[in-house]
Amino acid sequence: MHSAHEKTPRFCGEPVTARQLELIRGVVNDCPGISRTELAGTVCELLDWRRPSGRLKTAECRAFLEGLDGTLFRLPPTRPGRPRGSRTSTCASETGDSVLSGPLHAFGPLEIVPVAGKKEQALWRSLVERHHYLGHKVPFGAHIRYFVRLHAPSPVIVGCLQFSSPAWRMEARDRHIGWDDAARGENLQRVVCNSRFLVLPTVQVKNLASAALSLALRRLAADWEERFGVRPLLAETLVDGSRYAGTCYKAANWIEVGCTTGRGRNDRDHARHGESPKKVFLFPLVKGAVPLLRQAKGQAPLPERHTDGARPSEAAPTRKRCEHGRSDMVKKIARRLCATAVMATLFGCGASVDSLVHQSTSLHPQQVRRSQSGATPVPTQIPLYTYQVVKSWPHYHWSFTEGLTFQDGVLLESSGLYERSAIMKVWPGSGQVLSSEGVPRDYFAEGITVLHDRLYMVTLSGDGIIYDHKTLHRKGEFSVDGEGWGLTNDGKHLIMSDGSNRIKFINPETFQTERSVEVSCNGTPLRNLNALQYVKGEIYANIWKTDYIVRINPANGAVVGWVNLKGLLPLNERSRDPDHVLNGIAYDEKSDRLVVTGKMWPSYFEIRLEQVARAES
């Protein structure tokens with residue numbers, strides 16, 4: 001935390017003022033009878049050194065005080081007890097030594113399970129101490145631990161994961177992000193380090209490691225925010241190149257950005273330079289993670305989709321925080337209330353999606369059930385449809401699905417997120433990825449469609465790429481007005497949504513907007529239109545962050561039908577990440593089949609729509 005030769009002591013990267021040091025000296029001198037840990041807690045309370053969750057930074061403060069011991073003050077001697085250090089006791093493993101071998105799909109669902117309770121904590125420590133080459137060490141600062149579990153056929157632990165606080169400085173990471181000291185000081189808490197990853201030596205299951213990493217990252221941001229009050233944007237890890245190539249991280253789409261100097265966290269005097277260099281891998285947990293991390297206080301926010309559903313132009317101006325700030329719990333509650341309010345007004349005049357459906361169909365969504373095969377549809381103001389699942393099959397579970405379309409009986413799919421967008425061909429029925437092609441790292445892939453034997457893909461920035469739909473080889477580029485979200489075609493025009501209630505019809509040769517329609521339901525503008533698909537003369541549009549698809553008349557933008565897909569993916573299979581929502585609509589005209597999926601969803605669903613009979617009063 002601090003070395004004596006530094007002119008200005010720093011605590012967690014922030015300079016400590018002379019006034020604060022004087023207060024610390026007074027506390028140490030006035031309280032000689034209390035322990036070092038109690039001293040650290042007292043200092044944290046007086047100086048309000050807290051984590052985003054509100055908990056005191058006692059461990060960090062104790063290390064800071066011990067770094068100053070003998071210079072500005074003299075700390076009381078350490079008290080007898082468990083030998084102080086980074087290791088804790090471990091217990092014998094309870095997982096057995098039976099060998100698991102075979103393909104991943106042969107062992108049932110793969111699960112990432114948080115470690116909870118003293119017994120599970122002791123087991124986790126035991127496994128890591130016995131089988132990880134670094135052993136078990138108590139991490140510095142905040143941390144979360146997970147078990148990796150397979151079913152063979154009963155549940156069995158096959159690995160361990162730990163995420164903890166990041167290194168304060170790391171040249172390769174900092175160079176990749178490009179942040180200055182101010183931005184790093186403010187945003188470092190939004191970086192999380194994968195400090196332990198273990199697959200037990202008795203487990204020989206191909207692709208297990210990369211699949212476990214991907215699943216863990218799907219829930220990490222939500223788990224970390226729930227426990228510590230701050231949502232991480234970027235994950236980092238270090239790989240010892242003399243032992244491992246980092247293959248599983250590469251397979252899980254982590255980005256190798258360089259190597260460390262080999263000194264370690266506490267070598268401030270450069271005594272161990274080059275002793276043990278490690279490869280540095282990064283993984284963005286949200287789109288635009290790197291630009292967001294570069295921003296210090298007061299800078300204008302980047303154009304992005306906000307988690308509360310607001311567009312950048314509609315977002316409230318950034319307000320400066322007061323000097324002392326509100327409590328993190330109050331801020332968290334305020335964010336949730338703000339999100340609720342925004343979602344309630346997305347569809348105009350304070351009407352939520354559910355209430356808008358109710359008003360326009362005379363049916364309340366709670367009255368909607370999957371219709372029976374013999375039910376007779378009763379006309380309503382605007383037809384409401386539910387669904388029957390014809391069949392489902394596995395979805396490439398780390399695909400952040402943005403675009404989905406059929407071509408020659410094969411699914412084409414675009415996966416979004418900055419620095420790891422891709423486009424792929426998928427065999428329907430099995431989910432096997434037949435081929436894939438990466439997208440430039442500074443693009444966020446969005447909707448796709450095939451027109452005149454050319455595969456068009458639009459990106460969030462409005463730039464687009466043209467591919468050969470058979471080989472996925474890049475053929476050209478184009479640009480459209482505004483942001484690109486969903487994309488489809490009517491045989492003549494590219495049809496694009498941009499997150500508003502407007503749908504644009506674009507000339508596929510000049511890429512100029514020839515006309516546009518504003519989508520509304522009985523006069524209420526319908527915003528956040530995302531994935532599009534042209535089906536039998538109508539435009540099907542997914543409403544972002546809802547379980548509804550709306551059917552639109554392309555001539556005037558009027559809503560001509562609602563599709564309620566609630567319950568399609570059961571709650572126990574849904575990720576806790578709010579961005580992993582329904583998205584992606586594909587229609588195969590030759591076989592008259594409709595397929596939907598979602599971002600990071602485990603399955604594709606072929607569905608048949610059925611109109612809901614009007615509920616009798």
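For the structure itself, look to the data block above.
As the structure is a computational prediction, the values presented were derived from the model and not from experiment.

(A) Region of the structure containing the environment of phenylalanine 140. Following the sequence through the fold, phenylalanine 140 ends up in the loop between α4 (117-131) and β5 (143-151). As a C-alpha pair, phenylalanine 140 and proline 166 span 26 residues in sequence and 9.1 Å in three-dimensional space.

(B) Just the pairing of strand β30 (residues 559-564), in detail. Most of β30 is tucked away, with five of its six residues classed as buried. Here strand β12 (residues 384-394) runs beside β30; their pairing, made up of two bridges, is parallel. When the sheet's bridge partners are listed, leucine 384 is paired in β30 with tryptophan 562. Of the strand pairs in this sheet, strand β29 (residues 548-552) and β30 are connected by five bridges, and their pairing is antiparallel. Across the sheet, the residue bridging to isoleucine 552 is valine 559, located in β30.

(C) Focus on the packing of helix α2 (residues 36-47) against helix α3 (residues 58-68). Interaxial distance between α2 and α3 falls to 8 Å at its minimum, and their mutual angle equals 110°. By the angle class used here, α2 and α3 are roughly perpendicular. When α2 is examined against α3, the residues Arg36, Thr37, Leu39, Ala40, Gly41, Val43 and Cys44 are found in contact with a partner set consisting of Thr58, Cys61, Arg62, Leu65 and Glu66. A class-by-class count of the residues in the contact of α2 with α3 yields six nonpolar, three polar and three charged.

(D) Just the pattern of salt bridges, in detail. For the structure on display, the rule yields 26 salt bridges. In this structure, the salt-bridge partner of arginine 175 is glutamate 171, at a minimum N-O distance of 3.7 Å. One end of the pair, arginine 175, and the other, glutamate 171, are both in helix α5 (residues 171-177), four residues apart, so they sit about a helical turn from each other. For the pair arginine 175 and glutamate 171, one class covers both residues: exposed. Residue arginine 608 is joined to glutamate 610 by a salt bridge in which the shortest nitrogen-to-oxygen separation is 3.6 Å. Residues participating in the shared-partner salt-bridge network are Arg36, Arg62, Glu66 and Asp69.

(E) Spatial organisation of the side chain of arginine 218. Mapping arginine 218 onto the fold places it in helix α7 (residues 208-228). When near neighbours in sequence (up to four residues on either side) are disregarded, arginine 218 contacts His397, Ser575, Asp577, His580 and Met600.

(F) Geometry of the packing of aromatic side chains. All told, the structure shown has 19 aromatic pairs when counted by the stated rule. Members of the aromatic cluster, each reached through a chain of ring pairs, are Phe197, Tyr249, Trp254, Phe281 and Phe283. Above the plane of the ring of phenylalanine 505 lies arginine 515, whose end atom (NZ or CZ) is 3.8 Å from the centre. The ring of tyrosine 385 has arginine 551 lying over it, and the distance from NZ or CZ to the ring centre is 4.5 Å.

(G) Focus on α3. Of all the residues in α3, the buried ones are Glu60, Cys61, Arg62, Phe64, Leu65 and Leu68. Turning to α3, the residues buried within the fold contact β1 (10-11), α1 (18-30) and α2. Just past α3, the residue glycine 70 takes up positive phi, approximately 90°.

About the criteria used
Residues numbered from 1 in each chain as written. Predicted model: local features only at pLDDT ≥ 70, side-chain atom pairs only at ≥ 80, totals over all residues. Heavy atoms only, no water. Helix = DSSP H or I, 4+ residues; strand = E, 2+ residues; numbered from the N terminus. Buried < 20%, exposed > 50% of the residue type's maximum accessible area, 1.4 Å probe, protein only. Pairing = 2+ DSSP bridges. Axes fitted to C-alpha atoms, helices over the stretch in contact; angles between N-to-C directions. Parallel < 35°, antiparallel > 145°, perpendicular 65-115°, else oblique. Contact = heavy atoms within 4.5 Å. Nonpolar A, V, L, I, M, F, W, Y, C, P; charged D, E, K, R; others polar. Salt bridge = Lys/Arg side-chain N within 4 Å of Asp/Glu carboxyl O. Phe/Tyr/Trp six-rings, centres within 6.5 Å; stacked < 30°, edge-to-face > 60°. Lys NZ or Arg CZ within 6 Å of the ring centre and 35° of its normal.

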